[in-house]
Amino acid sequence: MAHVTGTALLAAFVVGCSADTGTGGSAADSKPGETSVAAAAPGKYRTLPEPCGAVATSTLKDLLPGAAELSEEQQQKVYEGTAAVTYNTDRRVGCNWKSEDPSSSHTLSIDFERVVSYDPAVSDDDRAREVYTKKQTSAGLTSPSPGPDSADGGADGGKGDGDGNGDGSKDGTKGTKSDPSADSDPASHALTTPASTAASEGGSTGATADENTGDTTGDTTGSSADSLQPRVLDDLGDSAFLDDLLTRAGSTAQHRTVSVVFRTSNVIVTVEYTEQPAVSTVVPDSKELQEKAQAVARNLVDKFSE
């Protein structure tokens, strides 16, 4: 009888322990008040195009006129371009092309940057928007003015927002330069050159400004001149802006670089087109360089959409 009782007690003890273990495990796994956060959606693009093959040869022939004077073998080398050195080709790639002739040299460069967010709560697109906004702010472009429906009015008008600029520009609102001190900088933006400085000191305003921009209309205050200023661009990717910089190296050389930067999802693309005349008194044509740089950018947008 004693043996039966001991066995029964042992069985009861084992069952009790098993029940306690189950309850204890459930309590340990339960964390009241804690909610799981779903990871943000990944970016649309997981890879980048091969940059040196991203621009058509016909386009390169137009942008690099000096190559036409070279032998066929040398032309091919120019049109092949030179790949930019990057440490992670999954994240960033680029290519450069250059040609020279007796009158000038031309350089084209493109850069593709795929932005990845390492914060699970921030999407790749949102992170790319932040990176793009910093680039736009660095170019001295402010956000477009808020619309009449904005609750904040103009208080936050200076804050950069990639999509905000894109949306605003599509509504007809342009971004504006925010740094008035650019006029005194050796590297100055469109319409700010020694020629325009001479005009402000009493020279002819019509001819000098036209020489600077390449506009032969003679109207320096009209929409033609304004349209060449650095600005937010319409209908180019998700957000885009153009910068135009004339740089002087002493008194013997100057070159103009037009940059077009746009964002499409989690990729930021930069196109830079530079002309440097051989004669120091010649000012590169803003209008022509801007049109050609924008054409390259629009073709690249289409390539990402394929």
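Preceding this paragraph is the structure being described.
Residues numbered from 1 in each chain as written. Predicted model: local features only at pLDDT ≥ 70, side-chain atom pairs only at ≥ 80, totals over all residues. Heavy atoms only, no water.

A. Examining the packing of aromatic side chains more closely. All told, the structure shown has three aromatic pairs when counted by the stated rule. Relative to Phe304, the ring of Phe112 has its centre 5.4 Å away and its plane inclined at 85°; by these criteria the two rings are edge-to-face. With Phe112 in strand β3 (residues 104-114) and Phe304 in helix α9 (residues 286-305), this pair connects stretches of sequence that are 192 residues apart. Of the two residues, Phe112 and Phe304, both sit in the buried class. Seen in terms of ring centroids, Tyr132 and Phe241 are 5.7 Å apart; in terms of plane orientation they differ by 55°. Their pairing is tilted. (Phe/Tyr/Trp six-rings, centres within 6.5 Å; stacked < 30°, edge-to-face > 60°. Helix = DSSP H or I, 4+ residues; strand = E, 2+ residues; numbered from the N terminus. Buried < 20%, exposed > 50% of the residue type's maximum accessible area, 1.4 Å probe, protein only.)

B. Region of the structure containing helix α3 (residues 72-80). All of the buried residues along α3 are Gln75, Val78 and Tyr79. Projection of α3 onto a plane perpendicular to its axis shows the buried side chains occupying an angular sector of 95°, all on one side. Residues of α3 that are exposed and point more than 90 degrees away from the buried face comprise Glu73 and Lys77. In the core, the buried residues of α3 are packed alongside α2 (57-63) and β2 (92-100). Gly81 lies just past α3 and shows a positive phi near 75°. (Arc of directions from axis to C-beta. Contact = heavy atoms within 4.5 Å.)

C. Seen up close, α9. Here α9 is 20 residues long and its end C-alpha atoms lie 29 Å apart, about the 28 Å a rise of 1.5 Å per residue gives. For α9, the full list of buried residues reads Ser286, Leu289, Gln290, Lys292, Ala293, Gln294, Val296, Ala297, Leu300, Val301 and Phe304. Where α9 begins, one side-chain oxygen reaches toward the backbone nitrogen of Lys287, 3.0 Å away; that side chain belongs to Asp285. (Expected span 1.5 Å × (residues − 1). Polar contact = N/O pair within 3.5 Å; in protein donor to acceptor, adjacent residues only side chain to side chain.)

D. Spatial organisation of the environment of Glu100. In this fold, Glu100 is placed in strand β2. Residue Glu100 is classed as exposed on the basis of its relative accessible area, which comes to 52%. For the pair formed by Glu100 and Gly66, sequence separation is 34 residues and the distance between their alpha carbons is 4.9 Å. Excluding its chain neighbours within four sequence positions, the residues that come into contact with Glu100 are Gly66 and Ser105.

E. Fine view of the nonpolar core. By size, the foremost hydrophobic cluster in this structure holds 35 residues, and its most contacted members are Ile110, Phe112, Val271 and Leu300. Those elements giving two or more residues to this core turn out to be α2, α3, β2, β3, β6 (239-249), β7 (253-264), β8 (267-277) and α9. A per-element tally of this core places α9 first, with seven residues. Beyond its immediate sequence surroundings of up to four residues, Val271 is in contact with Leu108, Ser109, Ile110, Val258, Ser259, Val260, Ala293, Val296, Ala297 and Leu300. (Core = buried A, V, L, I, M, F, W, Y, C linked by side-chain atoms within 4.5 Å.)

F. Region of interest: the environment of Gln294. Here Gln294 is to be found in helix α9. For Gln294, the residues in contact, after removing those within four places along its chain, are Arg231, Leu233, Leu242 and Val260.

G. Spatial organisation of the pairing of β3. Where burial is concerned, most of β3 is hidden: 10 out of the 11 residues are buried. Note: β2 against β3, nine bridges, orientation antiparallel. Counted as the bridge partner of Trp97 is Leu108 from β3. Counting the residues that bridge the hairpin from β2 to β3 gives three residues. Note that β3 and β8 share 11 bridges and pair antiparallel. Bridged to Ser104 within β8 is Pro277. (Pairing = 2+ DSSP bridges.)

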